[in-house]
Amino acid sequence: MPDRPRLTPPVADIRRTVRVSLKAAARDGELVLVGLSGGGDSLALAAATAFEAPRIGVRAGAVIIDHQLQEGSAEVAERAAAQARELGLDPVMVVRVEVRDDGQGPEASARLARYEALEATRQQLGAVALLLGHTLDDQAETVLLGLARGSGGKSLHGMAPVAGPLLRPLLGIRRTATHQACADMGLEPWQDPHNHDPKYTRVRVRERVLPMLEEELGPGISEALARTATTLREDAETLDELALEWAREIIDENEDGRISLDVGGLVTQPPALRQRICRIVAEQGFGVSLSRRHTMAVAALATEWHGQGPVDLPGIRVERERGRILFGAAEAHEPNGDDATTADTATAGTRGTRIVTRAGGATQIIDEPTPHGEDETR
């Protein structure tokens, strides 16, 4: 890297947005980490962080995750670590993980292993924040994938610029700018061959779908998708706060320990709040994230009541008794044989849901896993 790299517009823009993120997240003497792959986005982020952090009294290091999925991955990781040290980042750690495919597919499994390792390292080193190099282009791809799959509001509002200790300062920066910044600073990023492999849906979106949309609809598609994500996130955060306020009013605990919702209180809510209240109960009471189809089935116990049986969700059984909807822990299982019939099959993009009616009238909703090779989020 040259001793005095040119301060070009891309370099200046990235430094500016990193400076804003660091000032909001860290105080004098605290440590932040950059998640570094060696690619152009994270390398530009690492260089900007190394430049800005000491100027506001913040310590900055880097963590490199070696997924061990590609030949030569150890050498790639060590090269990225050497670049981080040359930039002045300290400490610099290489963490090797073993990716176990538990049925989600290799991309999703690798992502889970990566985030777990990043968080464990952050805690181990006592860092207050972890900076990730996702760009505006990544955000646009995420929103478009969510739209195509019918994945609901959470996918459509994309990645948050701040999510707990995770910071994404570059969500307003184009990928072309990060790569140009690396060139301007004399940095040579690693070119991940997976980023050009068309077997991955995200690569096809990046290299075929978005360029086609730009050609047919005009420039600015990626920016428009990113703006949409921001708008939807702001709306969703407001609705989430309202739902939490109402949930406190209508949620109670039954004598047998089950979480109880007042049917009348739930029915009077508009659908957007009703769905969120059901989701809040599942997430905070049982640590389970529900899909829209799940929450609609639960809400139907209040809004479309005709004496139907309980609803079995992943790890939860929900049923209606005496004007209350009761959520209790249950063993999730796959129905089979004579006690189950498939009532409906629905798919949304590459993800499907089966609704199965069991003996006794209970309804079980089973989300089908995403096919291998599909990367839903970054």
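Above this text sits the structure in question.
Only a predicted model underlies this, so the values are computations on that prediction, with no experimental measurement involved. (Residues numbered from 1 in each chain as written. Predicted model: local features only at pLDDT ≥ 70, side-chain atom pairs only at ≥ 80, totals over all residues. Heavy atoms only, no water.)

A. Structural context of the overall build of the protein chain. The helix and strand inventory of the protein chain stands at 12 helices and 14 strands. Expressed as a percentage of its 378 residues, the buried residues of the protein chain come to 47%. Intrachain contacts of the protein chain at a sequence separation of at least 6 include 66% that bridge at least 24 residues. (Helix = DSSP H or I, 4+ residues; strand = E, 2+ residues; numbered from the N terminus. Buried < 20%, exposed > 50% of the residue type's maximum accessible area, 1.4 Å probe, protein only. Contact = heavy atoms within 4.5 Å.)

B. Unusual backbone geometry, seen in detail. Going from Asp90 to Pro91, the amide bond is cis rather than trans, its omega being 5 degrees. Positive phi values are uncommon outside glycine, yet Gln68 reaches one of about 60 degrees. Note that Gln68 resides in the loop between strand E2 (59-66) and helix H3 (73-87). Residue classification places Gln68 among the partly exposed positions, given a relative accessible area of 47%. Notably, Arg322 is not glycine yet its phi reads approximately 50 degrees, a positive angle.

C. Quick peek at the packing of aromatic side chains. Under the counting rule described, the total for this entry stands at 0 aromatic pairs. Its guanidinium or amino end placed over the ring of Phe51, Arg55 lies 3.6 Å from that ring's centre, counting from NZ or CZ. (Phe/Tyr/Trp six-rings, centres within 6.5 Å; stacked < 30°, edge-to-face > 60°. Lys NZ or Arg CZ within 6 Å of the ring centre and 35° of its normal.)

D. Structural view of helix H7 (residues 175-184). Buried within H7 are the following residues: Arg175, Ala177, Thr178, Ala181, Cys182 and Asp184. In the stretch just after H7, Gly186 is the one whose phi turns positive, near 75 degrees.

E. Region of interest: the pattern of salt bridges. As enumerated under the stated definition, the model contains 20 salt bridges in all. Measuring nitrogen to oxygen at the nearest pair gives 2.8 Å for the salt bridge that ties Asp240 to Arg276. In this pair, Asp240 sits in helix H9 (residues 221-250) while Arg276 sits in helix H11 (residues 271-286), placing the two residues 36 residues apart along the sequence. The class of Arg276 is buried, set by a relative accessible area of 17%. Residue Arg258 is joined to Glu319 by a salt bridge in which the shortest nitrogen-to-oxygen separation is 2.9 Å. (Salt bridge = Lys/Arg side-chain N within 4 Å of Asp/Glu carboxyl O.)

F. Examining the pairing of strand E3 (residues 92-96) more closely. Bridging between E2 and E3 involves 5 bridges; their strand directions are parallel. What sits directly across from Ala62, in E3, is Val92. Taking the sense of rotation as the criterion, the β-α-β connection linking E2, H3 and E3 turns out right-handed. (Pairing = 2+ DSSP bridges. Right-handed = clockwise from strand over helix to strand, strands pointing away.)

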